[in-house]
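# Structural description and commentary
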Amino acid sequence: MRHWVLGSISAAIIAAAWGCGSGERGGKAETGGGGQAAGGGETGSHAAACTIAAEGLKVSSGRGITPSIAWTGAGFAIAWHERGADEGDILLATLDAEGNKLREEVIDDGPGVSSHPSVHRDGQGLLVLWQDQDGAGSVVRGRRATLEGVAEGAAFDLARSGAAESWPTAAASQDRTLIAWMDAGGSQLGHLDSGALSSSMPLDQAQFPAVASDGERTALVWSQGDALGFARPGQESAPLAPIAHPGVTAKLPRVVLGGDDAFLVWEDTRSGAEQIRALRISAQDEVSPEAIVSRGEGSANWPALAWTGHGLAVAYYQFRDGPPGVFVTLLSRDLEPMGDEIEASGGATARYPALAWTGQELGIAYTEQDQGIRLSRASCP
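What counts and how
Residues numbered from 1 in each chain as written. Predicted model: local features only at pLDDT ≥ 70, side-chain atom pairs only at ≥ 80, totals over all residues. Heavy atoms only, no water. pLDDT = per-residue confidence, 0-100. Contact = heavy atoms within 4.5 Å. 1 Å grid on protein atoms, 1.4 Å probe; cavity = no way out; pocket = protein on both sides within 12 Å on 5 of 7 lines; lining within 4 Å. Points joined across faces, edges and corners; volume = space filled by probe spheres on them. Helix = DSSP H or I, 4+ residues; strand = E, 2+ residues; numbered from the N terminus. Nonpolar A, V, L, I, M, F, W, Y, C, P; charged D, E, K, R; others polar. Core = buried A, V, L, I, M, F, W, Y, C linked by side-chain atoms within 4.5 Å. Buried < 20%, exposed > 50% of the residue type's maximum accessible area, 1.4 Å probe, protein only. Salt bridge = Lys/Arg side-chain N within 4 Å of Asp/Glu carboxyl O. Pairing = 2+ DSSP bridges. Axes fitted to C-alpha atoms, helices over the stretch in contact; angles between N-to-C directions. Polar contact = N/O pair within 3.5 Å; in protein donor to acceptor, adjacent residues only side chain to side chain. Disulfide = S-S within 2.5 Å.

Low pLDDT marks regions whose predicted coordinates should not be analysed in detail. Chain-level statistics for the protein give a pLDDT mean of 87 and a share of 87% at 70 or above. Counting interchain partners and residues more than four positions distant, the pLDDT-below-50 stretch residues 1-36 has 93 contacts. For the stretch residues 38-45, pLDDT sits under 50, and the model shows 18 contacts to residues farther than four places along the chain or on other chains.

This is the structure in structure tokens:
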């Protein structure tokens, strides 16, 4: 993959890697074989489905990477991993709906190395998750904040993981909050109750779990060997009824709910170069054909997705005969492109996109090389 396991790599290596691999300016992007699936492919002649309303708005000017973004109902909340002081702080900023920065808060700046942040709307507040290095393993930690970005209470430990990279993430529904993270030998799915885990269940051999909720329903995806796993978690004590989609080489799967359907997007290497692929799973567990989302043969990485009410927005970064940029494609429910893609980073060297849907616009957070965290806004039908 053309990204890095962030908790175990020094700042010097990460900084140097911005110019490595298939992204050398003036060089040729890495090629990959394989046939086309439905949905992706060549650039069309139709207009872009989404249009940039604001580009490259400054969130931070430090050495921040891997942002996560959430819509608060009135603006954006963005958490990121700040490497400027000791390679491991977690920061949170709130912005209004236009992208004007309102507040910045230090969520965690202890002596340990903290990374892999994610921020989530949870009831009438925000929940920020991250991992701390802990010997050969890691600790899943969290802290709450108001919707205005004011930290509340102290940070708390949620779980200890035997994996050096636990990658915690969460999704809140009307009556509960699901948390998933990697552990030794697989992953864990937990239920959060008043700042503590009320229960958890193991996901044997599962990697990179991700959860989603539309407020009423929840969904879970993970990679396991040469398959994607998918389930709809029920009550805490209810066993999962997973389905498998075999024949993939999947990393970083993501899931979002759109009406009765679930949409899965992941980074796939079966063709030899990284591609972003997607599929739809119906309420009856019918699995659609895969669609190749990324275009051309350049290495495409770090998918993020959001359901707009009319289509599936997929963001990723890709090397295209030069340094990486952040691209966003809008797909129909049938995973057909809805117009041309947009380059959200405006030609800047950029990686690690994250998406949030406001009801009218996409908020696209990303890391710009040597410029910290940036936000672009895009209007979509």
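So, about empty space enclosed by the protein. Evaluated as defined, the whole model comprises one cavity of 30 Å³ or more. Looking at the largest cavity, its volume works out to about 40 Å³. In terms of lining residues, the largest cavity is bounded by Leu228, Phe230, Ile243, Ala244, His245, Leu264, Leu279, Ile281 and Val287. Broken down by secondary-structure element, the contributors of at least two residues to the lining of the largest cavity are strand 16 (227-231), strand 17 (243-246) and strand 20 (275-281). For the lining of the largest cavity, the leading source of residues is strand 17, giving three residues. Grouping the constituent residues of the lining of the largest cavity by class yields eight nonpolar, one polar and no charged.

Bringing the nonpolar core into the picture now. Ranked by size, the top nonpolar core spans 28 residues in total, and within it Val326, Val328, Leu355, Leu362 and Ile364 carry the most contacts. Secondary structure elements with two or more residues in this core: strand 22 (300-307), strand 23 (312-319), strand 24 (324-331), strand 26 (350-357) and strand 27 (361-368). When neighbours within four sequence positions are excluded, Ile364 is seen to be in contact with Val326, Val328, Ala344, Ala354, Leu355, Arg374, Leu375, Ser376 and Ala378. Within the second largest apolar cluster, 16 residues are counted, among which are Val256, Leu305, Leu312 and Val314.

On to the pattern of salt bridges. Within this structure, the stated rule accounts for 19 salt bridges. Here Arg160 ties to Asp134 by a salt bridge, and the two come within 2.6 Å at their closest N and O atoms. Of this pair, Arg160 sits in strand 9 (residues 151-161) while Asp134 sits in strand 7 (residues 125-134), and the two are 26 residues apart along the sequence. Note that Arg270 and Asp268 form a salt bridge whose closest N and O atoms lie 2.8 Å from each other. In the salt-bridge network here, residues are joined through shared partners; they are Asp108, Asp132, Arg141 and Asp157.

Strands pair in a sheet through their backbones, by hydrogen bonds, and they do so in one of two ways: parallel or antiparallel. Pairing within the open sheet is antiparallel, and its four strands lie in the order 2-3-4-5. Of all the strands in the sheet, the pair left with one neighbour each is strand 2 (64-71) and strand 5 (101-108). With direction set aside, neighbouring strand axes in the sheet form an average angle of 20°. Here strand 3 (residues 75-82) pairs with strand 4 (residues 89-96) via eight bridges, running antiparallel. The residue bridging Gly75 from the neighbouring strand is Asp96, located in strand 4.

A few words now on the side chain of Asp132. For Asp132, the location among the structural elements is in strand 7. At 3.4 Å, the side chain of Asp132 and the side chain of Arg141 are in polar contact. Setting aside anything within four residues of it in sequence, one finds Asp132 in contact with Asp108, Val113, Ser114, Gly137, Ser138, Val139 and Arg141.

This part takes up the state of the cysteines. Applying the stated criterion to the full structure yields one disulfide. Covalently, Cys50 is tied to Cys380 through a disulfide, its sulfur atoms 2.1 Å apart. As the torsion about the S-S bond is roughly 115°, the Cys50-Cys380 disulfide counts as right-handed. Placement of the pair is Cys50 in the loop between helix 1 (11-17) and strand 1 (51-58) and Cys380 in the segment after strand 28 (372-379), with a sequence separation of 330 residues. Like Cys380, Cys50 is buried.

Moving on: unusual backbone geometry. For residues besides glycine, phi is generally negative; the peptide bonds are generally trans as well. At Asp321, a residue that is not glycine, the phi angle is positive and equals roughly 55°. Here Asp321 shows up in the loop between strand 23 and strand 24. Taking the relative accessible area as the measure of exposure, Asp321 reaches 53% and is therefore exposed. Unlike most non-glycine residues, Tyr352 shows phi in positive territory, near 55°. Residue classification places Tyr352 among the buried positions, given a relative accessible area of 0%.

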